[in-house]
Structure formats: C-alpha cells, structure tokens
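Residue-level listing of the chains:
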Amino acid sequence: VQTAGRAAAQTVIAQVSTNGVKLMVNPVLEGIRDKRWRTQLSAVELLSTIVAELVANAPKRLAMVLPKLIPALCEAAASARGEVREAVKTVLGKIGVGIAHRDVAMLAP
C-alpha cells in the first residue's frame, strides 16, 4: 500500500502545475507536525517529491516556501524515529542542491 501511495503521489505531483504544488505544501506541513511517526514519514517523503519538482522547475517558488519548510523539517529532524530523521536529511539535501545560499547550505547534510 505504501509503495502504491508513493507512486500515486509522484504521478500527481508530476501532473500538477508549480502553483498547484505550492498549494500542496501547507497540508503536507500539517502532516509533518503530526505526532504519529508514520504520518510524519509519509508527509516528509511527499515533501521530498514536491521539493524535487520545485528545484527542477520553480526554484524561486521553492525559495518562497522555505520559511515554512525549514522550521517544520527541523522539528521533524528531532524525531525519535530514525526513518523520519533520514527522510528529513534527504529533503534538506535536495533543498541544499536547489538553493545556492550559504545559510541554506549549512542545513544541507
């Protein structure tokens, strides 16, 4: 079920405009702030796909949502679950590749 869900999310994100992807960020952030680790993990993995899309097609839009993303990701990075921490590390790495700013580069693994 998880694999099918991830594949469906990637398909949806690939088909949605960059404006639509930007609108998807807020509900994903709610999932990252959820206390249940599986919900957090799924939200971070979906965010990874969203960030990859924004890095590839709309880096300025990525820069616009970073003030929302970074605090939520930092909170999730403190999770007790290793899976969540690794997923956050992956997202931060993608952000670091897409944004060439020294403050952001310090956050990237």
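Residues numbered from 1 in each chain as written. Predicted model: local features only at pLDDT ≥ 70, side-chain atom pairs only at ≥ 80, totals over all residues. Heavy atoms only, no water.

Chemist: Would you mind going over the packing of helix α4 (residues 59-77) against helix α5 (residues 82-98) with me for this structure?
Modeler: How two helices pack is summed up by the angle between their axes together with the distance between the axes. Direction vectors running N to C along α4 and α5 enclose 155°, while the axes themselves pass 11 Å from each other. With respect to α5, the element α4 is oriented roughly antiparallel. When you trace α4 past α5, the crossing you get is left-handed. Mapping the contact onto sequence places Pro59, Leu66, Leu69, Ile70, Leu73, Ala76 and Ala77 in α4 and Val84, Arg85, Val88, Val91, Leu92, Ile95 and Gly98 in α5. (Axes fitted to C-alpha atoms, helices over the stretch in contact; angles between N-to-C directions. Helix = DSSP H or I, 4+ residues; strand = E, 2+ residues; numbered from the N terminus. Parallel < 35°, antiparallel > 145°, perpendicular 65-115°, else oblique. Left-handed = near helix turned anticlockwise from the far one by under 90°. Contact = heavy atoms within 4.5 Å.)

Chemist: Sorry if this is basic, but what is going on with the confidence of the model for the chain here?
Modeler: One rule of thumb: low pLDDT means the predicted coordinates there are not for detailed reading. Residues at a pLDDT of 70 or more form 89% of the chain, whose mean pLDDT is 83. Of all secondary-structure elements in the chain, the lowest mean pLDDT belongs to helix α6 (residues 102-107), at 62, while α5 reaches the highest, 89. (pLDDT = per-residue confidence, 0-100.)

Chemist: Honestly, the side chain of Glu53 in this entry has me stumped. Any pointers?
Modeler: Among the structural elements, Glu53 can be located in helix α3 (residues 37-57). Of the side chains with opposite charge, Arg61 lies nearest to the buried Glu53, which makes no salt bridge, at 9.3 Å. (Buried < 20%, exposed > 50% of the residue type's maximum accessible area, 1.4 Å probe, protein only. Lys, Arg positive; Asp, Glu negative; His and termini not counted. Salt bridge = Lys/Arg side-chain N within 4 Å of Asp/Glu carboxyl O.)

Chemist: Would you mind showing me how to read the packing of α3 against α4 here?
Modeler: At a closest axis distance of 9 Å, the pairing of α3 and α4 adopts a crossing angle of 150°. Taken together, the axis directions place α3 and α4 in an arrangement best described as roughly antiparallel. Here the hand of the crossing between α3 and α4 comes out left-handed. Contacts between α3 and α4 pair Leu47, Val51, Leu54, Val55 and Asn57 from the former with Pro59, Arg61, Leu62, Val65, Leu69 and Leu73 from the latter. When the residues that make up the contact of α3 with α4 are grouped by side-chain class, the tally is nine nonpolar, one polar and one charged. (Nonpolar A, V, L, I, M, F, W, Y, C, P; charged D, E, K, R; others polar.)

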